[in-house]
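Structural description and commentary
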Amino acid sequence: MDDDTDKFEVLPEREPAWILLDRATACRKRLLAAGYSPIPVNGKVPPIAGWQDIEANKVLIDGWADKYADATNTEILTRTIPAIDIDVLDAAVADQLQEIAEWMIGASAVRIGQAPKRAMLFRLEEPFDKISTPVFVSPDGRTHKVEILCRGQQIVVHGIHPNTHAPYTWRGGEPGPELKRDALPLLNVEKANEFIAAAAQ
């Protein structure tokens, strides 16, 4: 009888679900203690109705592991922690947009999910609605835009990107004990509109 063992693809080892959930729960509690508002997400989709108005606490966070076992990624609400979302696939342009944000508002933590796209976190006293550039189409047919996510929005800060299947990474600090909300650069709606106008140029 032939040995067929070489015909089978060896799949990468996967961590048990309970380990992923334990890690997510610990991450959410660290975020909460650091001034952020975490919520569970499945990929990028929150499984909780009315997630925009959730006020996280330790009791809620402990319950999420049982209620939403598939939601092993973690997002934070952006109503008082706005995020500049540089949804641009041209690396040079994405770098330039980040430099403009740093010059106009201040250097901040940068999250990478699907490079060269990136997002930057700030803090805010008075929430505003999402602000966005127009959508631009490059000659190769790809679409690009820049948004500032705020009231009624959220952003993934921990977990696995659904397209790259790799962990989200951070440069310049990661939200949590090492980077508390109060340490983020301050943004306001006037400065946000000025940045979006500059980004559109």
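Everything discussed here concerns the structure shown above.
Let me sum up the structure you'll find in this document. Each chain has its residues counted from 1, following the order in which its sequence is written. Under the rules for a predicted model, residues below a pLDDT of 70 receive no local features and side-chain atom pairs below 80 are neither given nor counted, while totals for whole chains, interfaces and linings still include all residues. Heavy atoms throughout the structure, all of them, feed into the side-chain values; hydrogens and water do not.

Right, let's talk about the environment of Ile-155 for a bit. Numbered from the N terminus, helices here are DSSP runs of H or I no shorter than four residues, and strands are runs of E no shorter than two. Within the fold, Ile-155 resides in strand S9 (residues 154–158). With a 1.4 Å probe rolled over the protein chains alone, any residue whose accessible area is under 20% of its type maximum counts as buried; one over 50% counts as exposed, and the rest are partly exposed. Ile-155 sits in the buried class, given a relative accessible area of 4%. Considering only alpha carbons, one finds Ile-155 and Asp-85, 70 residues apart in sequence, at a separation of 9.0 Å.

Turning next to the pairing of strand S5 (residues 118–121). Going residue by residue along S5, you find Arg-118 and Met-120 tucked away on one face and Ala-119 and Leu-121 tucked away on the opposite face as well. Criterion used throughout: strands pair if DSSP finds at least two bridges between them. Two elements, strand S3 (residues 83–87) and S5, share four bridges in a ladder whose sense is antiparallel. Residue pairing in the sheet places Ile-84 in a bridge with Met-120 of S5. One ladder, built from two bridges, connects strand S4 (residues 110–112) with S5; its direction is antiparallel. Directly across from Arg-111, in S5, lies its bridge partner Ala-119.

This part takes up the layout of surface pockets. Grid points spaced at 1 Å over the protein atoms alone were grouped into cavities, where a 1.4 Å probe fits but cannot get out, and pockets, open sets with protein on both sides within 12 Å along at least five of seven lines, with lining residues defined by an atom within 4 Å of a point. Grid points are joined across faces, edges and corners, and a volume is the space filled by probe spheres set on the points. The calculated volume of the second largest pocket comes to roughly 420 Å³. In terms of lining, the second largest pocket is formed by 20 residues, of which the most central are Lys-44, Asp-85, Asp-87, Arg-111 and Leu-149. Taken together, the elements giving at least two residues each to the lining of the second largest pocket come down to S3, strand S8 (143–149) and S9. In the lining of the second largest pocket, the residues fall into four nonpolar, six polar and ten charged. Three categories are distinguished: nonpolar for Ala, Val, Leu, Ile, Met, Phe, Trp, Tyr, Cys and Pro, charged for Asp, Glu, Lys and Arg, and polar for the others, with Gly belonging to the last.

Before going further, it helps to examine the nonpolar core. Ranked by size, the top nonpolar core spans 23 residues in total, and within it Ile-84, Phe-128, Val-146, Ile-148 and Phe-195 carry the most contacts. For this core, the secondary-structure elements that each account for two or more residues are S3, helix H3 (91–104), S4, S8 and helix H4 (189–200). Setting aside residues up to four positions removed in sequence, Phe-195 forms contacts with Ile-84, Leu-97, Ile-100, Ala-101, Met-104, Ile-105, Val-146 and Ile-148. To qualify as a nonpolar core, a set must consist of buried Ala, Val, Leu, Ile, Met, Phe, Trp, Tyr and Cys residues joined through side-chain atoms within 4.5 Å. Core analysis: the next-biggest nonpolar cluster, separate from the first, contains 15 residues, Ile-81, Ala-109, Leu-121 and Val-157 among them. The contact rule is simple, with two residues in contact once any of their heavy atoms fall within 4.5 Å.

Before going further, it helps to examine the environment of Gly-35. Its location among the elements puts Gly-35 in the loop between helix H1 (17–33) and strand S1 (38–41). Note: C-alpha distance between Gly-35 and Leu-97 (62 residues apart in sequence) is 27 Å. Sequence-distant contacts of Gly-35, defined by excluding residues within four places in its chain, comprise Ile-81 and Arg-181.

Moving on, we get to the side chain of Glu-75. Inspection of the secondary structure assignment puts Glu-75 in strand S2 (residues 73–77). We score Asp and Glu as negative and Lys and Arg as positive, and we do not count His or the chain ends. Put simply, a salt bridge is a Lys or Arg side-chain nitrogen that is within 4 Å of an Asp or Glu carboxyl oxygen. Although Glu-75 lies buried, it forms no salt bridge, and the closest oppositely charged side chain, Arg-111, sits 6.7 Å away as judged by the N-O distance. When sequence neighbours within four positions are dropped, the list of residues in contact with Glu-75 reads Ser-37, Pro-38, Ile-39, Val-41, Lys-44, Pro-46, Gln-154, Ile-155, Val-156 and Val-157.

Turning next to the environment of Ala-83. With respect to the helices and strands, Ala-83 occurs in strand S3. Ala-83 sits 27 residues away from Val-110 along the chain, and the two C-alpha atoms are 9.6 Å apart. If we skip the residues at most four places from it in the chain, Ala-83 touches Thr-78, Met-120, Leu-121, Glu-147, Ile-148, Leu-149 and Ile-155.

Before going further, it helps to spend a moment on helix H2 (residues 58–67). Those residues of H2 lying buried are Ile-61, Trp-64 and Ala-65. Each buried residue of H2 lies within a common arc of 100° when the element is viewed along its axis, so the set occupies one face. Exposed residues lying more than 90 degrees from the buried face of H2 are Val-59, Asp-66 and Lys-67. The opening residue of H2, the one whose side-chain oxygen lies 3.1 Å from the backbone nitrogen of Val-59, is Asn-57. Here, the arc refers to the directions that run from the helix axis to the C-beta atoms. Pairing of N or O atoms within 3.5 Å defines a polar contact, subject to two protein rules: one partner must be a possible hydrogen donor and the other a possible acceptor, and residues neighboring in sequence count only if both atoms are side-chain atoms.

The final tally for this structure, using the stated rule, is eleven salt bridges. The salt bridge involving Glu-147 is made with Lys-145; its shortest N-O contact spans 3.4 Å. Judged by relative accessible area, which is 9%, Glu-147 ranks as buried. Taking relative accessible area as the criterion, Lys-145 reaches 26% and is therefore assigned partly exposed. One network of salt bridges, in which partners are shared, links Lys-130, Lys-145 and Glu-147.

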